[in-house]
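# Structural features, examined
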Amino acid sequence: MIAMTKLVFSFIAAGLIYLVGRNLRETLIFLITVVSTAVYFMFLRSKKVDNLHTLTVILVLASSVLPKLRGDFSSYTTPFYIAILLLVPYSLTCANKLWYVNWAGFWIFISYGLYKVSSFKLKEYSVFIVIAVVPIALRDLWERRKGCGRKVCALTNEGTLDDKSKP
């Protein structure tokens with residue numbers, strides 16, 4: 001049910017992007033990237049990566065629609081699209097050391113995208129947005145490593161844990 005809602009939201013968001021910008025190319029890029037990855041994450045059992053995908057899609061939507069509503073027709077969505085595409089290998093390489101490369105790439109592109117989006121309003125203070133993302137990325141790394149000591153371990157589905165399973 002939630003997965004279908006995510007797909008419907010993707011199509012509605014694509015329609016919103018088209019209505020606001022009247023740019024078919026940008027709308028098609030959004031549809032291809034977001035819908036294809038949403039279908040992939042429909043079958044993935046990792047709630048954490050699915051949540052990262054949802055948040056990144058919201059960032060893409062906000063970074064493409066909000067500047068156009070202000071009258072500025074330049075949007076900075078490319079880093080967010082790359083971050084969305086990096087989530088697929090991020091989820092596939094969960095059991096080996098290549099995960100670190102995908103983790104770093106994802107968070108670097110998220111930070112850079114937020115920097116570019118916030119730089120029009122905050123100017124030189126937009127670096128603080130990047131500094132705010134660093135603890136979130138480190139928490140992601142910490143959650144990854146704490147379950148298996150210092151070695152890389154597979155992700156758990158935190159969404160399926162309930163109070164009954166806790167001692």
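The rules behind these values
- Residues numbered from 1 in each chain as written.
- Predicted model: local features only at pLDDT ≥ 70, side-chain atom pairs only at ≥ 80, totals over all residues.
- Heavy atoms only, no water.
- Helix = DSSP H or I, 4+ residues; strand = E, 2+ residues; numbered from the N terminus.
- Buried < 20%, exposed > 50% of the residue type's maximum accessible area, 1.4 Å probe, protein only.
- Contact = heavy atoms within 4.5 Å.
- Areas by Shrake-Rupley, 256 points an atom, 1.4 Å probe, with all protein chains shown as cover.
- Polar contact = N/O pair within 3.5 Å; in protein donor to acceptor, adjacent residues only side chain to side chain.
- Patch = residues over 30% accessible without salt bridge, like charges linked within 9 Å, V, L, I, M, F, W, Y side chains within 5 Å.
- Salt bridge = Lys/Arg side-chain N within 4 Å of Asp/Glu carboxyl O.
- Phe/Tyr/Trp six-rings, centres within 6.5 Å; stacked < 30°, edge-to-face > 60°.
- pLDDT = per-residue confidence, 0-100.
- Core = buried A, V, L, I, M, F, W, Y, C linked by side-chain atoms within 4.5 Å.
- 1 Å grid on protein atoms, 1.4 Å probe; cavity = no way out; pocket = protein on both sides within 12 Å on 5 of 7 lines; lining within 4 Å.
- Points joined across faces, edges and corners; volume = space filled by probe spheres on them.
- Nonpolar A, V, L, I, M, F, W, Y, C, P; charged D, E, K, R; others polar.

Turning our attention to the overall build of the protein chain. Along its length, the protein chain carries six helices and zero strands. Listing the helices and strands of the protein chain from first to last along the sequence gives α-α-α-α-α-α. Across the 167 residues in the protein chain, those meeting the buried criterion constitute 37%. For the protein chain, restricting intrachain contacts to residue pairs at least 6 apart in sequence, the fraction spanning at least 24 positions comes to 66%. Within the structure as shown, the protein chain displays about 10,100 Å² of accessible surface, and the carbon and sulfur contribution to it stands at 70%.

If you trace the backbone, S126 turns up in the loop between α5 (99-122) and α6 (127-146). In this structure the side chain of S126 is engaged in a polar contact, spanning 2.9 Å, whose partner is the backbone oxygen of K123. Every residue in contact with S126, bar those within four places of it in the chain, is listed here: Y115, S118 and S119.

Attention now goes to a nonpolar patch on the surface. A surface patch of nonpolar side chains, about 690 Å² in accessible area, is lined by Y112, Y115, L122, Y125, V127, F128 and I131. Elements supplying a minimum of two residues to the nonpolar patch: α5 and α6.

Following the criterion strictly, the structure yields seven aromatic pairs and no others. A ring pair is formed by Y40 and F41, whose centres lie 5.0 Å apart and whose planes are at 75 degrees; its orientation type is edge-to-face. Judged by its relative accessible area of 3%, F41 is buried. Aromatic side chains Y125 and F128 sit 6.2 Å apart centroid to centroid with 10 degrees between the ring planes, which places their arrangement in the stacked category.

What follows deals with the confidence of the model for the protein chain. Where the model shows low pLDDT, its predicted coordinates should not be examined in detail. Mean pLDDT over the protein chain: 81, with 84% of residues reaching 70 or higher. In this model, residues 157-166 is a region of pLDDT below 50 whose contacts with residues beyond four sequence positions or in other chains number four contacts.

Turning to the pattern of salt bridges, a few remarks are in order. Where charged atoms from two side chains of opposite charge come close, those side chains can pair. Counted by the stated rule, this structure contains two salt bridges. Between K6 and D50 there is a salt bridge; the shortest N-O distance is 2.4 Å. Residue K6 is located in helix α1 (residues 2-21), and its partner D50 is located in helix α3 (residues 47-70); the two are separated by 44 residues in the primary sequence. D50 carries the same exposure label as K6, and that label is buried. The salt bridge partner of K48 is D140, with a shortest N-O separation of 2.5 Å. Of the two residues, K48 sits in helix α3 while D140 sits in helix α6, which places them 92 residues apart along the sequence. For K48, a relative accessible area of 14% puts it in the buried group.

A few words now on the nonpolar core. In terms of nonpolar packing, the biggest core is built from 27 residues, with F30, L87, Y90, W103, F106, W107 and I110 touching the most fellow members. Every element with two or more residues in this core is listed here: α1, α2 (24-42), α3, α4 (78-92), α5 and α6. Excluding its chain neighbours within four sequence positions, the residues that come into contact with W107 are L52, V133, I136, A137 and D140.

Before going further, it helps to spend a moment on empty space enclosed by the protein. The full count for this structure, using the stated rule, is one cavity of 30 Å³ or more. Computed from the structure, the largest cavity encloses a volume of approximately 30 Å³. K6, F9, S10, H53, T54, V57 and I58 together form the lining of the largest cavity. Among the secondary structure elements, those contributing two or more residues to the lining of the largest cavity are α1 and α3. The element that contributes the greatest number of residues to the lining of the largest cavity is α3, accounting for four residues. For the lining of the largest cavity, the residue count by class is three nonpolar, three polar and one charged.

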